[in-house]
Structures are given as C-alpha cells and as structure tokens.
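# Observations on the model geometry
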Amino acid sequence: MADNAYARAGVDIEAADRAVDLMKEWVEKARRPEMLGGLGGFAGLFDASALTSYRKPLLATSTDGVGTKVAVAQLMDKHDTIGFDLVGMVVDDLVVCGAEPLFMTDYIATGKVVPERIAAIVKGIAEACVEAGCALVGGETAEHPGLLDPDEYDVAGATTGVVEADDLLGPGRVRPGDVVLAMAASGLHSNGYSLARHVFFTQAGWTVDRHVEELGRTLGEELLEPTRLYTKPCLAIARETETHAMAHVTGGGLANNLARVMPPELKATLDRATWTPAPVFDLVRRLGDVAQPDLEATLNCGVGMVALVAPSAAAAALARLAELGIDSWVAGEVAVDPAQKGTVELVGQHPGW
C-alpha cells in the first residue's frame, strides 16, 4: 500500500485500480450493442435510439441487494456466484411487468479492497447479465475501513428496462379463470437468509462445511446455490402466449408477492399438493420448529416466479418454459370471491409434509 494519508487511513487506491483491471474482462463480456464506451467514465452510456421503434415505450427500473446471503459467501470465501443473486433480484422484478432489461449498474462496499475478491463478485454479476440479456454498463467499488471489517462487503444494483405500453403486464389484465403457473426455484434464492442462518448456524449449530444427507451436499453449497434467472423464459411466454401478469417471489413469500398483482375483485387459490419444496425448506421448518405460515411468509418454498395466463395459453406456456429449462406446473386458478377480494390463498399440503 502506498505511504500516503489516504493509505494510512485504510484506503488502498492501488488495490482499487488493480480490481478494476481484473474485472474489465468480465464487464466486457456483459455488453449489448447499445452500450457505449467501457470502464473508467463517470457514467455508463447506453444508446437509447432503439426506443424510437416503440409506439409508447415505458421505462421500468428496479434496485435491490442480496441481503445476508453475502455472509454465507464470506464464510465460504466463495464470491463468484453472489452476482447471480444480485442480478436475479433486480432484473426479474422488471420482467413481471413484461419489460426487457437493458442495462444494469452495481455497487460494492467493502472494508478492504481485495482485488481478486472484487473481480470474482463482478464476474458473477457479468455472467448473470449475459444470461439475462442486459448490459453491465458500470458500477462502483467503495472501501469503507472502520465501517466494515476487512473481509466484509455488501452489494447492491439497479437496472433499467423497457416495455411497450400496450404490452404492460399487471393486475388490469388478470381475469377470472386465469391459470396460475408456478416456476420452480433453485433453492432459497436470496431471501429469508436471516431466518435460515439463525436456524442452521445458531439453533442447530451446523457449519457451512457440514455434509447434509438430505441435501446431498454441504450446507454451505446449498445456501450459496445461485438464484435462478427467469428473465428470458418469462419474456418468451409474455411475447408468445396470452400472459396477463407475473409475480417474482422474493421477500414476503409466494402469497404476499402474488397478491401484489391481483386485482381487488379477484382471488387466486393455489394448491400446495401440486409441488414438493426442495429439502432445504423442510429442514428450516423442522430444525427451527418454524410454523408453516411463518415459513411461507419468509421463504419462496420452492416457487421463484408465478405467471397468470389465460386457460387457453397454459399448455403452450408450460411447453415453452420447459424448452427454456424452467420446470413449471399448474398450481391454481383465479376466481371471483366477493368475500376475499384481491387475496391469495394456499390450500392443501405439500406431499410428505
């Protein structure tokens, strides 16, 4: 570290510069043709002239982080997957309204810049952007000595997308008889980790390197499983089938997130018997003695995304999702219910629970 006042205060400019050099390769991979320039500018540039082809383009934007899942990455000293969680959290919030993500920026705050660690984080972000089809146009890495410990960091991001006004998905399109399609989660995704960590690490006393027979791998490997990206598959069914609305199942769980796109005069009923959550959810429930309503209000319980489609479109949407690698199924339907307007109800029980 250079011997200057800033370095003596704990900020390493040379390390930050090296981190930028290491991440350039990955950022370069996460480009779209509309992206202008590269790293080093004060702002990321994106050519918006393509929007002139829209009749009435609506810009959509979303921002989020990954919560305390970063603590698991730090425990395992594995940092190249957390970017998928970050991209998933922000990009798939856009997809639910039918918007195509265009570009993204990220922010990494850390107690000490370790170039290889920062590059690994950005590698994951860039690879996820490629999968989601959006450009990583810029970002910021900030060293916060005294605020964060040297091995601590947090990540956040923001993304912008576009949707034709006539194609905007949402409550206004939902109709009685619509079919609820559930899309399988890859695991806990990036929500409820304060609960999961408390159950596994505090209550059960497990460590990340403990092999768990029910999981078929170590606890750490399970908890660090990247968030599944639904971006391109959801855009495909939105464009190719009569899809009316979608809900990204994040903090708050399945029912609460689906309720956000339900019109006030309708109710959705989902049958738990149509799917079996992955073993990690049952482990949290049993080890932590967590009541099912609390579990369902915190974790995705096996469903990462939901689509409300016209009955005539259900088979085509399921087939298209399968083609694109997304396991999906009919979980319920929408109906008029004057007594419980705008609500979502889970009925039945998961097999084996």
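Residues numbered from 1 in each chain as written. Predicted model: local features only at pLDDT ≥ 70, side-chain atom pairs only at ≥ 80, totals over all residues. Heavy atoms only, no water.

## Description of the overall build of the protein chain
Condition: What counts as a helix is a DSSP run of H or I of at least four residues, what counts as a strand is a run of E of at least two, and both are numbered from the N terminus. Residues are treated as being in contact if the distance between any of their heavy atoms lies within 4.5 Å. Per-residue and other accessible areas follow the Shrake-Rupley method at a 1.4 Å probe size, with only the shown protein chains counted as cover for residues.
Broken down by element type, the protein chain carries 12 helices and 14 strands. Residue pairs at least 24 apart in sequence account for 85% of intrachain contacts in the protein chain once pairs closer than 6 positions are excluded. Per element, the accessible surface of the protein chain, about 15200 Å² overall, is 52% carbon and sulfur.

## Focus on the sheet that holds strand E6 (residues 153-164)
Across a sheet, paired strands are connected by hydrogen bonds in the backbone, their directions being either parallel or antiparallel. Selection criterion: When DSSP finds two or more bridges between two strands, those strands count as paired. Helix axes are fitted only over the stretch in contact, all axes being lines through C-alpha atoms; the angle between N-to-C directions runs from 0 to 180 degrees.
Here we have 4 strands laid out as an open sheet, ordered E3-E6-E4-E5, and mixed in their pairing. At either end of the open sheet lies a strand with only one pairing partner, and these are strand E3 (57-65) and strand E5 (135-143). Strand-to-strand twist in this sheet, taken as the mean axis angle between neighbours without regard to direction, amounts to 15 degrees. With 10 bridges connecting them, strand E4 (residues 100-110) and E6 associate as antiparallel partners. Looking at the pairing, Thr105 lines up with Ala158 of E6.

## Points about the pairing of strand E11 (residues 266-271)
Bridge count between E11 and strand E13 (residues 328-336): 5 bridges; the pairing is antiparallel. Directly across from Leu266, in E13, lies its bridge partner Val336. By the bridge criterion, 4 bridges tie E11 to strand E14 (residues 344-347) in an arrangement that is parallel. Paired with Leu270 across the strands is Leu346, a residue of E14.

## Some thoughts on the layout of surface pockets
Test applied: Using a grid of 1 Å spacing that covers the protein atoms alone, one calls a set of points a cavity when a 1.4 Å probe fits there but cannot get out, and a pocket when the set is open and has protein on both sides within 12 Å along at least five of seven lines; lining residues are those with an atom within 4 Å of a point. Grid points are joined across faces, edges and corners, and a volume is the space filled by probe spheres set on the points. Three categories are distinguished: nonpolar for Ala, Val, Leu, Ile, Met, Phe, Trp, Tyr, Cys and Pro, charged for Asp, Glu, Lys and Arg, and polar for the others, with Gly belonging to the last.
Volume-wise, the second largest pocket comes out at about 250 Å³. Along the walls of the second largest pocket sit 16 residues, with Gly98, Val163, Asp167, Ala238 and Arg239 positioned nearest its centre. Secondary-structure elements contributing two or more residues to the lining of the second largest pocket are E6, helix H8 (231-240) and strand E10 (243-248). For the lining of the second largest pocket, the residue count by class is 6 nonpolar, 4 polar and 6 charged.

## Notes on the sheet that holds E11
What the 6 strands build is an open sheet, ordered E10-E12-E7-E13-E11-E14; its pairing is mixed. Edge positions in the open sheet fall to E10 and E14, since each of these has one partner strand only. Ignoring strand direction, the axes of neighbouring strands in this sheet form an average angle of 25 degrees. Each of strand E7 (179-184), E10 and strand E12 (303-309) touches H8; the most contacted strand, E10, lies at about 160 degrees to it. Relative to E7, helix H12 (residues 314-323) is tilted by about 10 degrees, and along the sheet it contacts E7, E12 and E13.

## What to know about the packing of helix H6 (residues 193-203) against helix H10 (residues 279-287)
Keep this limit in mind: Angles are sorted into four bins: roughly parallel if under 35 degrees, roughly antiparallel if over 145, roughly perpendicular if 65 to 115, and oblique for all others. The hand of a helix crossing depends on one turn: near helix anticlockwise from the far one by less than a right angle means left-handed, and clockwise means right-handed.
Relative orientation of the contacting elements H6 and H10 amounts to 60 degrees, with a least axis distance of 10 Å. Classed by the angle they form, the pair H6 and H10 counts as oblique. The interaxial crossing formed by H6 with H10 has left-handed handedness. Only Val280, Leu283, Val284 and Leu287 of H10 make contact with H6, whose side of the interface consists of Leu195, Val199, Phe200 and Gln203.

## A short note on H6
The test is simple: Burial classification: accessible surface area is computed with a 1.4 Å probe over protein chains only, and a residue below 20% of its type maximum counts as buried, one above 50% as exposed, and the rest as partly exposed. In this context, the arc is that of the directions from the helix axis out to the C-beta atoms.
Within H6 the residues assigned to the buried category are Tyr193, Ala196, Val199 and Phe200. Angular distribution of buried residues about the axis of H6 spans 135 degrees; they occupy a single face of the element. Buried residues along H6 sit against helix H3 (69-76), helix H7 (219-223) and H10. One or two positions beyond H6, positive phi appears at Gly205, with a value near 70 degrees.

## Notes on the environment of Val96
Relative to the assigned elements, Val96 resides in the loop between helix H4 (82-95) and E4. Val96 gets classed as buried once you look at its relative accessible area, which sits at 17%. In this structure the C-alpha to C-alpha distance between Val96 and Leu168, which are 72 residues apart in sequence, comes to 9.1 Å. Every residue in contact with Val96, bar those within four places of it in the chain, is listed here: Leu169, Met246, Ala247, His248 and Met305.

## Some points on the environment of Ala204
Here Ala204 shows up in the loop between H6 and strand E8 (211-212). Taking relative accessible area as the criterion, Ala204 reaches 29% and is therefore assigned partly exposed. Distance from Ala204 to Val284, taken between C-alpha atoms, is 9.9 Å for residues 80 residues apart in sequence. Once residues lying within four places of it in the same chain are set aside, the contact partners of Ala204 are Val199 and Leu287.

## With respect to the packing of aromatic side chains
The criterion, for reference: Any two of the Phe, Tyr and Trp rings considered here, Trp counted by its six-membered ring, make a pair once their centres fall within 6.5 Å; the pair's planes then place it as stacked at under 30 degrees, edge-to-face at over 60, or tilted in between.
Per the counting criterion, the structure on display carries 2 aromatic pairs. Taken together, a centroid distance of 5.7 Å and an interplanar angle of 25 degrees make the contact between Phe200 and Trp206 stacked. With respect to burial, Phe200 and Trp206 carry one shared label: buried. On the basis of an interplanar angle of 35 degrees and a centroid distance of 6.0 Å, the ring pair of Trp275 and Trp329 is categorised as tilted.

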